[in-house]
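Chain residues, written in single-letter form:
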Amino acid sequence: MKTQEMLLNVGPQHPSTHGVFRVVLTLDGETVVNATSVPGYLHRGIEKLVESRTYPQVLPYTDRLDYLAGILMNWGYVHAMEQLMEIEVPERAEYIRVIVGELQRIASHLVATGAYAGDVGGLTGFIYCFRDREDIMDMIEMVSGARLTPSYMRIGGVAGDLPDGFLEKCQKFIDYLPTAIEEYNGLITGNEIFQHRTKKVAPITAEKAINMSLSGPILRASGVNYDLRKARPYSIYDRFEFDVPLGSNGDCFDRFYLRILEMTQSARIIRQALAKLPEGPINAKVPKIIKPPAGEVYAETESSKGIMGVYVVSDGSTKPYRVHFRRPSFVNMGHFDELIRGWKIADVIAILGSFDIVLGEVDC
Amino acid sequence: MTVQTISEVKTEIIAKYPQIELSEAGHFFVPVSQLADIMLDLKVSFGFDFLTNLTAVDHVEHFNVVYNLSKTTGPEMLHIITKVDRNEPKVPSMVPIWGGAVWQERETYDLVGIIFTGHPNLKRILLDDNWEDHPLRRDFQWEGGRD
Amino acid sequence: MENIFVNAAGGIRNLLESAGLPGLAVDLIVLTVIFVAILVFVLLNVLWLVYMERKVSAFIQCRIGPNRVGPMGLFQTIADTVKLISKEIIIPKNTNKKLFLLAPVMIFMPPMAVFAVTPFGKGMVALDLNIGVYYFVALASLSTVIIWTAGWTSNNKYSLLGSMRVVAQMVSYEVPLLLSIVGVVLLTGTLNLTGIITSQQSVWFIFLQPLAFLIYLIAAVAETNRTPFDLVEGESEIITGPFTEYSGMGFAFFFLAEYANVLLVSMLASILFLGGWLAPFGLTFIPSWIWLLLKVYLMIFILMWLRWTYPRIRIDQMMAFCWKVLVPLAIVNIFVTGIGKYLYESVRW
């Protein structure tokens, strides 16, 4: 039978492109023959903007990269700056960073899990995840005053100490989390149709994943044990006991389920950090005007989406000469076009959801 | 596999490739002409299988193209810099070695204007296709106000 | 209570006859009154169902649902409808305008036509058609054409994809739907809906034909395009499929027609498998039409429960499920039913 290929433009306005992502699909019936991703609809030129800001002023811009994990983005930047200026961060600040950072990681994974359920058609899972994410948002609001764009980290420490009632609330949430995860597993993970939709869909081999520089849950779902918190512990991650969950098939289901497993591990880290939280200052002795020595540094942290790298070039002035963000979602999406070839339209949405991109990060 | 510290690895690499300059901060300076060969060897012989970061900086008299390599099996990371002539900013593409370079090179081309020879699809990625000039160059001037 | 509607119809008939009208005119007027009553009944139910769906989904999703307009948000659907009426109807360029506007009007026709032959209670049937089941199946498949028309005339690629899915899905799922009903028809030997109900006097067919009921339920979900078979709308994939380009009342019609269809398949399920208006456990003091409504709403609740719990199946999986699982099972069911009936009749114990 003679059939004709059809060009379908998905996005930038589409219910499930997670923002303003656009992909142009060439379809043969429902099957994708070719795909071209067109990012850039949320490009704000952050790397250019920060060239005319002072070093502390760069921080709020990092919130706007991955706006679902603002604190982890802050952390990436301050981590690089602390390496550049060789600042020793006080104990308490490190612990607070770990607690808040892991909370943010859980929040980000909750969005990924919920949105994924929505992507494959089960809106109820979405609401359940967002219900629990709200608790974390409250806590982040408690420490920073903002829900989405906390700007909580500072070069050499954190913006403020933990407020009263935070520790109790955090403990309560950590105790509650296993119940919530049970619920997600019952509603989403265990569902027969959900498993049919995601298992064996778009598998990525370990070699391919490494070659394509994928990172985060996507890389680990393919069975590659590469989590910077373990592989190259930054901050104080070497003091905590936690596992790096790994997938075996690298398919959509593994990528989805890995995030749920990671939430449990994050909760484990928070529990230990809460128990060990020391007293002390929350800021290092940092000069009022930050003037790092001339030079350049590249430092990486593990964000919820993958490896967040920050490259800072300093010329010795108060403004950065060049800042480059290695955004995990952006690099991960490099493999997308190739991956979705040969799958159905419904799978395209499922695969995109399993990548868990945030457009603020992809487009920078 | 014997456990090596990062400095030992670096000494070994320098011993094999005397043309690489090691800066005080521990960064490698690799000449453009040999970049592709050295990078391939770093991947094959030294096990740097993961290209984390790829970007470029405009240093007015020249461009620096920066590569960060790491290993999925260990904590080592290399910071490799290539100086590129400003008038002819051409660098061999890393896509054949690490597929992960595909979007990062497009981004670097888009914003800094480095031309990666051998890239399968070197087009603008973040900016509009009709855009002229590369905004992350130091001599870039935006004319036209806020909108 | 039991005969309130039958008596009302009889009262009108007597009144007209005593006024000396010829028999044909009396029939015509009485039928018109009955049809208008059915129309009102269906529309009121549809409005209620929209509200109910929102409340049920809110209940499942730990939310409150509509609660602002009227007591407990009861008038929410009315407010929404008024809003939709006031909206501009946008007609895309380069389309067949007539067909584009005709589709949302036509979409109510098939379910409404079927309601003419469904019994709402003991003796409460507008037209006691002796081929009622056949009539239902024939008319139900008409929706396919109408939704397809809507998608095709929208001149939108998402609509086109959606309408392709409509054809594939609804035509496929007609087959197991029909085959599952055949089991029931084999047992009763009649296509008359009232006849089917009365032959369930001793035992409901859900107990004699459990497999057929299950197949009917699945196929009915697919027929009404609801999750897990809502590929036609498939919001996260193809926006809203054939209805993407519709705005205002055009969209509202499709939206409301979905609930009319839900009501219809639930009603048919109650009639075919749950004993229709027959009262269980001899609880005959509750009128038959209330029993039917209870059963219908039980079915509707199950459909809503399914919708808000399950994710969406993929198109190839859906087709494979239909042709490789449901159709063979339905045929096996017919076989077993036939053999069982033969044995039962030859042994006659």
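Everything quoted here is computed from the prediction, not taken from an experiment.

On to the interface of chain B and chain A, then. Chain B puts 44 residues into the contact, and the matching count from chain A is 37 residues. When chain B packs against chain A, close to 3200 Å² is buried across both sides, 58% of that on carbon and sulfur atoms. Across the chain B-chain A interface, the total number found is two salt bridges. Here glutamate 107 of chain B ties to arginine 327 of chain A by a salt bridge, and the two come within 2.6 Å at their closest N and O atoms. Summed over the shared surface of chain B and chain A, the result is 17 residue pairs in polar contact (both at pLDDT 80 or more).

Taken together, the 25 residues of chain C in the interface contact 34 residues of chain A. Summing the contributions of chain C and of chain A, the shared interface buries around 2500 Å²; its carbon and sulfur component is 61%. Counting the surface chain C buries against chain A, the share from its top three residues, Ser236, Pro311 and Arg314 of chain C, is 23%. Run the count over chain C and chain A and you get three salt bridges. Across the pair aspartate 347 of chain A and arginine 314 of chain C runs a salt bridge, and its minimum N-O distance is 2.9 Å. At the junction of chain C and chain A, the tally comes to 11 residue pairs in polar contact (both at pLDDT 80 or more). Elements that contribute at least two residues to the side of chain C that touches chain A include exactly helix 8 (157-188), helix 12 (235-238) and helix 15 (315-347) of chain C. Sort the elements by how many residues they give to the side of chain C that touches chain A and helix 8 of chain C lands first, with five residues. Counted by class, the side of chain C that touches chain A contains 12 nonpolar, five polar and eight charged residues.

What follows covers the arrangement of the chains. Take the two pairs of chains in contact: the one carrying the most contacts is chains A and B. Chain C makes no contact with chain B, the minimum C-alpha separation between the two being 25 Å.

Attention now moves to empty space enclosed by the protein. Residues and elements named next belong to chain C. As enumerated under the stated definition, the model contains three cavities of 30 Å³ or more in all. Of the voids in this model, the largest cavity is the one considered here, and its volume is about 120 Å³. Looking at the largest cavity, it is lined by 13 residues, and the ones nearest its centre are Ile147, Asn225, Phe254, Glu258 and Asn261. With four residues, the single largest contributor to the lining of the largest cavity is helix 13 (residues 248-273). Within the lining of the largest cavity, the residues separate by chemical class into seven nonpolar, three polar and three charged.

A separate point is the nonpolar core. Among the nonpolar cores identified, the biggest contains 161 residues, and Met39, Leu42 and Tyr67 of chain B are the most heavily contacted of them. Element by element, the count of residues in this core is highest for helix 4 (residues 91-119) of chain A, at 11 residues. Among all residues touching leucine 42 of chain B, those that are not within four sequence positions of it are Ile13, Gly47, Phe48, Leu69, Leu78 and Ile80 of chain B. Leu179, Ala222, Ala260 and Ile271 of chain C belong to the second-largest nonpolar core, a separate cluster that totals 92 residues.

All right, on to the environment of valine 332 of chain C then. Mapped onto the fold, valine 332 of chain C is located in helix 15. Counting along the chain gives 153 residues from valine 332 of chain C to leucine 179 of chain C, while the straight-line C-alpha distance between them is 9.9 Å.

Residue and element names in this part refer to chain A. Alternating positions in strand 1 (residues 6-10) separate cleanly, Met6, Leu8 and Val10 being buried on one face and Leu7 and Asn9 remaining unburied on the opposite face. In the sheet, strand 1 pairs with strand 2 (residues 23-28) via five bridges, with the strands oriented antiparallel. Bridged to leucine 8 within strand 2 is leucine 25.

Take the pattern of salt bridges next. Residue and element names in this part refer to chain C. Inspection of every chain in the model, using the stated rule, returns 44 salt bridges over all chains. Across the salt bridge formed by glutamate 237 and arginine 165, the nearest N and O atoms sit 3.0 Å from each other. Of this pair, glutamate 237 sits in helix 12 while arginine 165 sits in helix 8, and the two are 72 residues apart along the sequence. For glutamate 237, a relative accessible area of 1% corresponds to the buried category.

Procedures and definitions
Residues numbered from 1 in each chain as written. Chains lettered and ligands numbered in written order. Predicted model: local features only at pLDDT ≥ 70, side-chain atom pairs only at ≥ 80, totals over all residues. Heavy atoms only, no water. Contact = heavy atoms within 4.5 Å. Buried area = accessible area lost by both parts, 1.4 Å probe. Salt bridge = Lys/Arg side-chain N within 4 Å of Asp/Glu carboxyl O. Polar contact = N/O pair within 3.5 Å; in protein donor to acceptor, adjacent residues only side chain to side chain. Helix = DSSP H or I, 4+ residues; strand = E, 2+ residues; numbered from the N terminus. Nonpolar A, V, L, I, M, F, W, Y, C, P; charged D, E, K, R; others polar. 1 Å grid on protein atoms, 1.4 Å probe; cavity = no way out; pocket = protein on both sides within 12 Å on 5 of 7 lines; lining within 4 Å. Points joined across faces, edges and corners; volume = space filled by probe spheres on them. Core = buried A, V, L, I, M, F, W, Y, C linked by side-chain atoms within 4.5 Å. Buried < 20%, exposed > 50% of the residue type's maximum accessible area, 1.4 Å probe, protein only. Pairing = 2+ DSSP bridges.

Any link to function would need more than the numbers given here.
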